[in-house]
Amino acid sequence: DTLDFANSLSQHDSNWKNELSMSANHQLGTFALKPSVNLSHQHERLNYQRAKLDTLARRNLFIVLPSLSVDYKIQKQMSIKGSFSYSTSPANLLDCIDYTDDTNPLYIRQGNPYLKNTHTLHANLTYYLMLNRASQALNFSVNYRKNDDPIATLLHYNSQMGVYHSQKQNERNPESIGN
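Residues numbered from 1 in each chain as written. Predicted model: local features only at pLDDT ≥ 70, side-chain atom pairs only at ≥ 80, totals over all residues. Heavy atoms only, no water.

Structural notes on the overall build of the chain
Alright, step 1. The secondary structure content of the chain amounts to zero helices and twelve strands.
Alright, step 2. Helices and strands appear in the chain in the N-to-C order β-β-β-β-β-β-β-β-β-β-β-β.
Alright, step 3. Against the globule reference of 16 Å for 179 residues, the chain gives a C-alpha radius of gyration of 24 Å, more extended than a compact globule.
Alright, step 4. Across its three principal directions, the C-alpha atoms of the chain cover 75 × 40 × 30 Å.
Alright, step 5. Taking all 179 residues of the chain together, the buried fraction comes to 25%.
Alright, step 6. Total accessible area computed for the chain in this model is approximately 12300 Å², and 52% of it derives from carbon and sulfur atoms.
Alright, step 7. Computed over 17 positive and 15 negative side-chain charges, the inter-centroid distance for the chain is 13 Å. (Helix = DSSP H or I, 4+ residues; strand = E, 2+ residues; numbered from the N terminus. Rg over C-alpha atoms; globule rule 2.2 N^0.38 Å. Buried < 20%, exposed > 50% of the residue type's maximum accessible area, 1.4 Å probe, protein only. Areas by Shrake-Rupley, 256 points an atom, 1.4 Å probe, with all protein chains shown as cover. Lys, Arg positive; Asp, Glu negative; His and termini not counted. Charge placed at Lys NZ, Arg CZ, Asp CG, Glu CD.)

Some thoughts on the packing of aromatic side chains
Alright, step 1. Counting across every chain of the model gives five aromatic pairs.
Alright, step 2. Judged by centre distance (6.5 Å) and plane angle (45 degrees), the rings of Y107 and Y164 are tilted. Here the residue Y107 occupies a position in strand β7 (residues 107–110), and Y164 occupies one in strand β11 (residues 163–170), the gap between them amounting to 57 residues.
Alright, step 3. Using a relative accessible area of 35% as the deciding quantity, one classes Y164 as partly exposed.
Alright, step 4. Site record: aromatic cluster; members linked through ring pairs are Y107, Y157 and Y164. (Phe/Tyr/Trp six-rings, centres within 6.5 Å; stacked < 30°, edge-to-face > 60°.)

Geometric values such as these leave the question of function open.
Rendered as structure tokens:
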């Protein structure tokens, strides 16, 4: 028996994952194409018990992660390489259930049943040049990244009560261009 039932916690996780990866290399004259795809099936099970809350959550995820790389050889010592990838990152299953953890009354954690997976699009373009003099190399690179529904922790402080409330939420869609 538990001495402090209101503050007791029991959490059991069970996960399994199957992955299949496929890739190819195609040489088309001065172009080299390298497509690939990673297929993933993931099963998650969470048994979360805290005081009167007893939750059994299950989730099956099927995730496709495509990518493509293209190399173009302009001359013997000059080339351009471009790459593209798309990825999905699932939210933590515990963060996706509707719960309130007030074990520490000054720091209260809450779940968010509306939490979405994070999706990332990444593209890169790089120019390579080898100089004969002194074996010098020049590289110029540009990156682009767009995150859809990235997950962040929202922390709210109630100054009257002296209590922090914490909850994971999806942010707006930030983009970044640069190196």
